[in-house]
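What follows is each chain in one-letter form.
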Amino acid sequence: MVGYYVRRALLGLTLILGLIALVYLFVYVAPGNPAYVWAGKPRGPKAAEAIELAARELGLDQPLHIQVASFVCRFLTGSWGASVAFKRPVAEVVLGAFKATTELLLLSYAISIPLGLYLGIFMALRRGSAADKVLKFLSSLLASIPRFWLAVVVIFAFYLIGFQPLGRIDPRYLAEFREVTGFYLLDALLMSRPDAFLDVLARLIPPALIVAVYPTFYVAKYVRFALSEKLYEDYVVEAISLGVSRRTLVMRYSLRGVLPAAFQLFGINLVYSFVDAAVVETVFMREGIGRVLVEGLLRSDYPLIVAAFFTVSLVMLAVNSAVDLVQKKLEPRVRV
Amino acid sequence: MSRARPSGERETLRRCWRRRSFRAGVAILVALALVAVLSPVLAPYPDEGEGLVTDAARLRGPLPPSAAHPFGTDVFGRDVLSRVLVGSRYSLLQTVLVMVGSLALGVFLGVLAGYLGGVPEALISYAVELFLPLPPVVVAAALSVVIGPGMLTVALSLVLTWWAWYARIAHVQSRELRDLDFVKVSEALGFGKIHVALHHVLPNVAPKVVVQSVLDSASVLLEISSINFLIGSVATAFDAPDWGTMIGYGFRYITTYWWMSFFPGLFLTLAAFGFILVGDALSEESSPSLRRRWWLWF
C-alpha cells in the first residue's frame with residue numbers, strides 16, 4: 001500500500017524530468033535556428049542583434065552539457081525571461097493567467113461534479129423511462145455543442161438583452177482593487193466589498209457554466225452506464241431479498257464501485273476542460289491562459305508560449321498523479 | 001485458430017443498425033461526407049467558398065441572410081453558405097487525419113508494450129503517462145510558432161496528445177492477452193513475435209480501440225475546432241474555411257454580423273452530434289451488460 005504511493009510519487013518526479021526534456025526539445029530542436037525562434041522571429045534592422053542576444057540567453061555558444069544544465073536550472077528557478085507581448089516577466093504573466101483560468105475551472109468543476117453524479121444516478125435508477133430518454137438525448141446533444149460557439153451565442157444573447165459580463169471585474173472597482181491572491185473572488189472578499197464580490201461572481205458564472213457542460217454530461221452518461229450495470233449483479237438481488245433499503249443499496253454498495261472510475265474520468269476530462277476554459281475565457285474577454293496563447297501567437301512570443309506549455313502541463317501531470325492516488329484510496333485493487 | 005469471432009463484430013453492427021439513434025447518426029455523417037466531397041458542385045459560389053474575394057463579393061459587402069444568400073455574406077462579401085459547405089471538407093479531413101494518425105501510433109505502441117513486456121513496456125508506458133495530460137492547445141501554440149500555423153500543425157499537435165490514450169487502452173488489452181493460451185500456443189509452435197503480435201494480439205485489441213475512437217471522434221472534432229477558433233480569433237486574413245477558424249474570425253463581428261459565426265457552429269454541432277450518436281450506440285451494443293433489454297428493479 002505504502003509502496004504504491006512511493007512508486008507513484010517517484011513516477012511523478014521522473015515525469016517532471018521528462019516534461020523538462022520535452023520543453024528542451026521544443027526550445028533547442030526548433031527547425032532552422034532556435035535563437036531566431038526564441039527571439040520571436042524578428043525582422044528589421046535590429047534583427048541580427050536580437051538573435052545574437054537570444055543565442056547567448058539560450059547558451060547556444062556553450063558546450064552541450066553546460067547548455068542543458070543552465071537550461072534546467074533556469075527553468076526550475078522560474079527565470080523564464082521577459083515577454084515581448086506583455087512587456088513583463090514571463091513567469092509573472094503566466095502565473096497570473098494560470099490563476100485566472102484555474103479560478104474558472106474550479107468553479108465549473110464545483111458545479112459539474114455534484115451535478116454530473118446526481119444526474120447519472122438519477123438516470124441509472126430510471127433506466128428506460130421517459131425522463132431517462134430525454135436526459136440521455138439532451139446529454140448527447142449538449143456534449144456535441146462546441147463550448148466556444150455556445151459562448152459566442154450566449155454573448156450575443158446577452159448583448160441583445162443589454163447585459164455584458166465581459167472581463168473579470170468591472171473597471172470601476174479597479175481603483176481600489178488589489179491583487180493579493182490572484183483569485184479575484186478571494187481578492188474581492190479581502191476588499192470587504194460585497195458588491196465587488198457579486199460583480200466578480202456574476203462575470204465568472206456564465207463562462208463557468210459553459211465549461212461545466214461537457215464534464216457534467218460526460219460523467220453523467222458514464223455513471224448511468226456503470227451504475228445500471230452494477231445493479232444487475234447478484235448481490236443486488238440478494239440485498240433486495242434481505243430487505244436492504246433502496247437508498248442504502250445504491251449509496252452504500254453499488255455506488256462504491258462506480259465512484260473511483262467516475263473521479264478518474266473527471267481527472268481525464270480536466271485536460272479537455274482546460275482547453276475549453278482557455279477558449280471560453282477568450283470569448284468572454286477574460287485574462288487567462290487562452291489570452292496568453294493568443295497574444296503569444298500574434299507576436300511569435302516563443303518564451304511566453306513555452307512557459308505556458310510548461311506550467312500547464314506540469315499542473316496537469318500533478319493533477320493526474322493526485323487523481324491516481326485518490327483512486328487508489330477509493331479502489332484498493334488498482335495496480336500501478 | 002485464435003481470431004475473435006468475426007461474426008461478433010458483424011452482429012454488433014447489425015444490432016446497432018436496429019437503433020434509430022444509430023441510423024440517424026450514420027445518416028448525418030454520410031450526408032456531411034457527401035457534402036464534403038461534392039462541395040465544389042453544391043456550393044453556390046465555390047470560389048468564394050475556397051476563400052477567394054471575387055469582384056462580385058467585394059461589391060456585395062456583408063449582407064444579412066436572404067434568399068440569395070441563405071446564411072448571409074461575411075465582411076469580405078463572400079457567401080457564408082459556400083464557405084460552410086467547403087469548410088466541411090477541411091474540418092472533417094482534419095478529424096479523420098487525427099483519428100487515423102493517433103490510432104495507428106497508439107495501437108502500434110500499445111500492442112508492442114503489452115505484448116513484449118519488459119523494457120519496451122516500461123518505456124512506452126512512461127511516454128503514455130507523460131503525453132496523456134498534455135493539453136493539445138498549448139502544444140498547438142508552441143508548434144504553430146516553431147513550424148508555422150496551419151491545418152497540419154493543428155492535426156499534428158492533436159495526434160501528439162491523443163495517441164497516448166489509445167496506447168493505454170491497447171496496452172491494457174494486450175497485456176491481458178499475453179498470458180492467454182492461444183498466444184502461448186502459437187509462440188510454442190514457433191511463430192515469431194511479430195507474427196503473433198500481428199495475427200493474434202492485434203485482431204483482439206483492435207475492435208475495442210476502434211469503438212473507443214469512434215466514441216472520441218466528436219471530442220477530436222471539437223478540440224480541433226477550439227484550437228482553430230483561437231487561431232482564427234487572431235488571424236488577419238482568413239482563407240481556410242475551416243469551421244473553427246470561421247467562428248473565431250466571425251466572432252469579432254458578433255454584434256453586427258452575427259451570421260458569420262452562427263452558421264458554421266450549427267454545422268459543427270451537427271457533425272459532432274452525428275459522431276456521438278454513432279459512438280454511443282456502438283459502445284453500448286459492444287458491451288454485453290449494457291445491451292440488456294430488460295430491467296430489474298424494485
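Counting from 1, residues in each chain are numbered in the order their sequence is written. Working convention: letters from A go to chains and numbers from 1 go to ligands, in the order in which they are written. Whole-chain, interface and lining totals are the exception, using all residues; otherwise, since this is a predicted model, local features are given only for residues with pLDDT of at least 70 and side-chain atom pairs are given and counted only at 80 or more. Excluding hydrogens and water, the side-chain values take into account all heavy atoms of the structure.

Considerations on the overall build of chain A
This is how it is decided: Helix numbers and strand numbers start at the N terminus; a helix is a DSSP run of H or I with at least 4 residues, a strand a run of E with at least 2. Working definition: with a 1.4 Å probe on protein chains only, accessible area under 20% of the residue-type maximum means buried, over 50% means exposed, and in between means partly exposed. The contact definition used throughout considers only heavy atoms, calling two residues in contact when any of these lie within 4.5 Å. Residue-level accessible areas treat just the shown protein chains as cover; the underlying method is Shrake-Rupley with a 1.4 Å probe. Charge convention: Lys and Arg are scored as positive, Asp and Glu as negative, and His as well as the terminal groups of each chain are ignored. Note that the charge is assigned to NZ on lysines, CZ on arginines, CG on aspartates and CD on glutamates.
Counting its regular elements, chain A contains 13 helices and zero strands. Going from N to C terminus, chain A has its helices and strands arranged as α-α-α-α-α-α-α-α-α-α-α-α-α. Projecting the C-alpha coordinates of chain A onto the three principal axes gives extents of approximately 85 × 55 × 40 Å. Per-residue burial for chain A yields a buried fraction of 51% across its 336 residues. Of the contacts made within chain A by residues no fewer than 6 positions apart, 73% connect residues no fewer than 24 positions apart. In the structure as shown, chain A presents an accessible area of about 15500 Å², 67% of it carried by carbon and sulfur atoms. Computed over 34 positive and 24 negative side-chain charges, the inter-centroid distance for chain A is 6 Å.

A word on the overall build of chain B
If you tally the helices and strands in chain B, you get 13 helices and zero strands. Listed N to C, the secondary structure of chain B is α-α-α-α-α-α-α-α-α-α-α-α-α in terms of helices and strands. Along the first, second and third principal axes, the C-alpha set of chain B runs to 75 × 50 × 40 Å. A sequence separation of at least 24 residues applies to 70% of the contacts in chain B between residues at least 6 apart. Total accessible area on chain B is roughly 12500 Å²; 69% of this is exposed by carbon and sulfur atoms. Averaging the locations of the 24 positively and 21 negatively charged side chains of chain B gives two centres separated by 8 Å.

So, the packing of helix H5 (residues 90-125) of chain A against helix H13 (residues 302-330) of chain A
All names here are of chain A. Here is the rule we go by: Axis definition: a line fit to C-alpha positions, over the contact stretch in the case of helices; interaxial angles, taken between N-to-C directions, run 0 to 180 degrees. Here the word oblique covers every angle except those under 35 degrees (roughly parallel), over 145 (roughly antiparallel) and from 65 to 115 (roughly perpendicular). In a left-handed crossing the near helix is turned counterclockwise from the far helix by less than a right angle, and in a right-handed crossing that turn is clockwise. The nonpolar class holds Ala, Val, Leu, Ile, Met, Phe, Trp, Tyr, Cys and Pro. Asp, Glu, Lys and Arg form the charged class, and all remaining residues, Gly among them, are polar.
Between H5 and H13, the shortest axis-to-axis distance is 10 Å and the interhelical angle comes to 45 degrees. Our classification of the angle between H5 and H13 gives oblique. The chirality of how H5 crosses H13 is right-handed. From H5, Val90, Val93, Val94 and Phe98 reach across to H13, where they touch Pro303, Leu304, Ala307, Ala308, Thr311, Val312 and Val315. Split into classes, the residues belonging to the contact of H5 with H13 amount to 10 nonpolar, one polar and no charged.

Re the interface of chain A and chain B
Where we set the bar: Here the quantity called buried area is the total loss of accessible area, with a 1.4 Å probe, experienced by two parts when brought into contact, counted for both. Whenever Lys or Arg places a side-chain nitrogen within 4 Å of a carboxyl oxygen from Asp or Glu, that contact is recorded as a salt bridge. Polar contact is defined as a pair of N or O atoms within 3.5 Å, subject to the rule that within protein one atom must be able to donate a hydrogen and the other to accept it, and that residues adjacent in sequence are counted only when both atoms are side-chain atoms.
With 68 residues of chain A at the contact, the number on the chain B side is 55 residues. Between chain A and chain B, the buried area comes to about 6000 Å², and carbon and sulfur atoms account for 76% of it. For chain A, the biggest contributors to the area lost against chain B are Phe148(A), Trp149(A) and Tyr232(A); these three give 12% of the whole. In this assembly, chain A and chain B are joined by two salt bridges. Across the pair Asp280(B) and Lys221(A) runs a salt bridge, and its minimum N-O distance is 2.8 Å. Where chain A packs against chain B, one counts eight residue pairs in polar contact (both at pLDDT 80 or more). Sorting the residues of the side of chain A that touches chain B by element identifies helix H1 (2-28), helix H6 (130-144), helix H7 (147-161), helix H9 (194-230), helix H10 (234-241), helix H11 (246-283), helix H12 (289-298) and H13 of chain A as the ones contributing at least two each.

Examining helix H4 (residues 64-77) of chain A
Residues and elements named next belong to chain A. Our working definition: Here, expected helix span is obtained from the residue count minus one, scaled by 1.5 Å. Think of it as the arc spanned by the lines of direction from the helix axis to the C-beta atoms.
In this model H4 runs 20 Å from its N-terminal to its C-terminal C-alpha over 14 residues, within 8% of the 20 Å that 1.5 Å per residue would give. Along H4, the residues that are buried comprise Gln67, Phe71, Arg74 and Phe75. Along H4, the residues classed as buried sweep out an arc of 95 degrees about the axis, all on the same side. Seen from the buried face of H4, the exposed residues on the opposite side, beyond 90 degrees, are His65, Cys73, Leu76 and Thr77. Buried residues along H4 sit in contact with H1, helix H3 (47-58) and H13. Looking one or two places after H4, you find Gly78, whose phi comes out positive at around 80 degrees.

Observations regarding a negative patch on the surface
As a reminder, the rule being used: Patch definition: residues with relative accessible area over 30% and no salt bridge; like charges joined within 9 Å; nonpolar side chains (Val, Leu, Ile, Met, Phe, Trp, Tyr) joined within 5 Å.
Taken together, the side chains of Glu229(A), Glu233(A), Asp234(A) and Glu238(A) define an acidic patch exposed on the protein surface. Locating Glu229(A) in the fold gives a position in helix H9.

Here we look at the confidence of the model for chain B
All names here are of chain B. In plain terms, the rule: Note on scores: pLDDT gives the predictor's confidence for each residue, bounded by 0 and 100.
Per-residue confidence for chain B averages 84 on the pLDDT scale, and 93% of its residues sit at or above 70. Long-range and interchain partners of residues 1-6, a stretch whose pLDDT sits below 50, account for 11 contacts in this model, where long-range means more than four residues apart. The model gives residues 292-298 a pLDDT under 50, and that stretch makes 19 contacts with residues more than four places away or in other chains. Here the complex is predicted with pTM 0.87, and the ipTM for its interfaces comes to 0.86.

Notes on the packing of H1(A) against H13(A)
Residue and element names in this part refer to chain A. Their axes nearest at 10 Å, the elements H1 and H13 cross at an angle of 165 degrees. Considering the angle they form, H1 stands roughly antiparallel to H13. In this structure, H1 crosses over H13, and the sense of that crossing is right-handed.

Comments concerning the pattern of salt bridges
Tallied over the entire structure, the rule returns 17 salt bridges over all chains. Ionic pairing is found between Asp324(A) and Arg8(A), a salt bridge with its closest N-O pair at 2.9 Å. Of this pair, Asp324(A) sits in helix H13 while Arg8(A) sits in helix H1, placing them 316 residues apart in sequence. Both residues of the pair, Asp324(A) and Arg8(A), count as buried. Here Glu11(B) makes a salt bridge to Arg14(B), at a shortest N to O gap of 3.0 Å. Note that Glu11(B) and Arg14(B) are positioned in helix H1 (residues 6-17) at a spacing of three residues, about one turn of the helix. On the accessibility criterion, Arg14(B) (47% relative accessible area) is partly exposed. Through salt bridges with shared partners, a single network forms among Glu11(B), Arg14(B), Arg15(B), Arg19(B) and Glu285(B).

Quick notes on the domain arrangement of chain A
All names here are of chain A. Put simply, the rule is: Domain delimitation follows an automatic or database domain assignment.
Structurally, chain A comprises domain 1 (2-76) and domain 2 (90-330). A C-alpha centroid distance of 32 Å is found between domain 1 and domain 2. Contact with domain 1, which involves 16 residues of that partner, is made by 16 residues of domain 2. Linking domain 1 with domain 2 are two residue pairs in polar contact (both at pLDDT 80 or more). Elements with a minimum of two residues in the side of domain 1 that touches domain 2: H1 and helix H2 (34-38). Taken together, the residues of the side of domain 1 that touches domain 2 break down into 12 nonpolar, two polar and two charged.

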